[in-house]
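Observations on the three-dimensional arrangement
Residues per chain are reported as follows:
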Amino acid sequence: MDALTLQTAAGAPVTAVAGTFALFALFLSLTAHIAARNVLGDVELKKAFAIGPVPAAIAVVFTTFGWNSFVALALAIGLDFGFVKFLYGRSNRLSAYVVTIHFVVSVLLGLVLFGLSAILLTAPF
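Below: a short report on this structure. The structure displayed is predicted, hence computed values, not measured ones.

A closer look at helix α2 (residues 14–40)
- The end-to-end C-alpha distance of α2, which contains 27 residues, comes to 38 Å, matching closely the 39 Å that a straight helix rising 1.5 Å per residue would cover.
- Along α2, the residues classified as buried are Val 17, Ala 25, Phe 27, Leu 28, Ser 29, Thr 31, Ala 32, His 33, Ala 35, Ala 36, Val 39 and Leu 40.
- Gly 41 lies just past α2 and shows a positive phi near 95°.

Below, the structure written as structure tokens:
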């Protein structure tokens with residue numbers, strides 16, 4: 001049994017996994033841009049599109065193989081820090097602040113969107 005079959009449980013096509021990765025990478029790119037803009041001011045959007053796919057890829061790979069999620073989170077935050085520091089060229093302290101805000105914005109926006117979808121999907125029509 002291959003890893004993608006294990007991840008999708010019902011043997012969903014690879015396009016479903018690729019679509020999930022793409023949407024998650026887009027979401028994380030958006031939240032990275034919000035965080036960088038909040039901390040650093042006016043920044044280029046294209047830099048955020050280089051940051052978002054990294055934690056998304058880590059999430060997909062670690063979920064696919066059933067590896068420890070805490071290791072995945074630590075690795076994603078560490079690589080997020082490295083990419084922010086490299087792309088924006090800021091100090092360690094400011095880069096850590098951007099990554100912290102990125103994490104907080106991602107969690108909060110994810111909870112709001114999940115809550116909205118849960119409310120809409122269970123609403124009587």
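Next comes the rest of the write-up.
Concerning a nonpolar patch on the surface
- Residues Leu 73, Ile 77, Phe 103, Val 104, Val 107, Leu 108 and Leu 111 make up a contiguous nonpolar surface patch of roughly 590 Å² in combined accessible area.
- For the nonpolar patch, the elements supplying multiple residues, two or more each, are α5 (69–88) and α6 (92–121).
- Broken down by element, the nonpolar patch gets its largest block of residues, five residues, from α6.
- Tracing the chain through its elements places Leu 111 in helix α6.
- By relative accessible area, Leu 111 is classed as exposed at 55%.

Some remarks on the environment of Ile 58
- Structurally, Ile 58 can be placed in helix α4 (residues 53–65).
- A relative accessible area of 9% places Ile 58 in the buried class.
- Expressed as a C-alpha distance, the spacing of Ile 58 and Ser 69, which sit eleven residues apart in the sequence, is 9.8 Å.
- Dropping the residues within four chain positions of it, Ile 58 is found in contact with Ala 72, Leu 75, Ala 76 and Leu 79.

Conventions and cut-offs
Residues numbered from 1 in each chain as written. Predicted model: local features only at pLDDT ≥ 70, side-chain atom pairs only at ≥ 80, totals over all residues. Heavy atoms only, no water. Helix = DSSP H or I, 4+ residues; strand = E, 2+ residues; numbered from the N terminus. Expected span 1.5 Å × (residues − 1). Buried < 20%, exposed > 50% of the residue type's maximum accessible area, 1.4 Å probe, protein only. Patch = residues over 30% accessible without salt bridge, like charges linked within 9 Å, V, L, I, M, F, W, Y side chains within 5 Å. Areas by Shrake-Rupley, 256 points an atom, 1.4 Å probe, with all protein chains shown as cover. Salt bridge = Lys/Arg side-chain N within 4 Å of Asp/Glu carboxyl O. Contact = heavy atoms within 4.5 Å.

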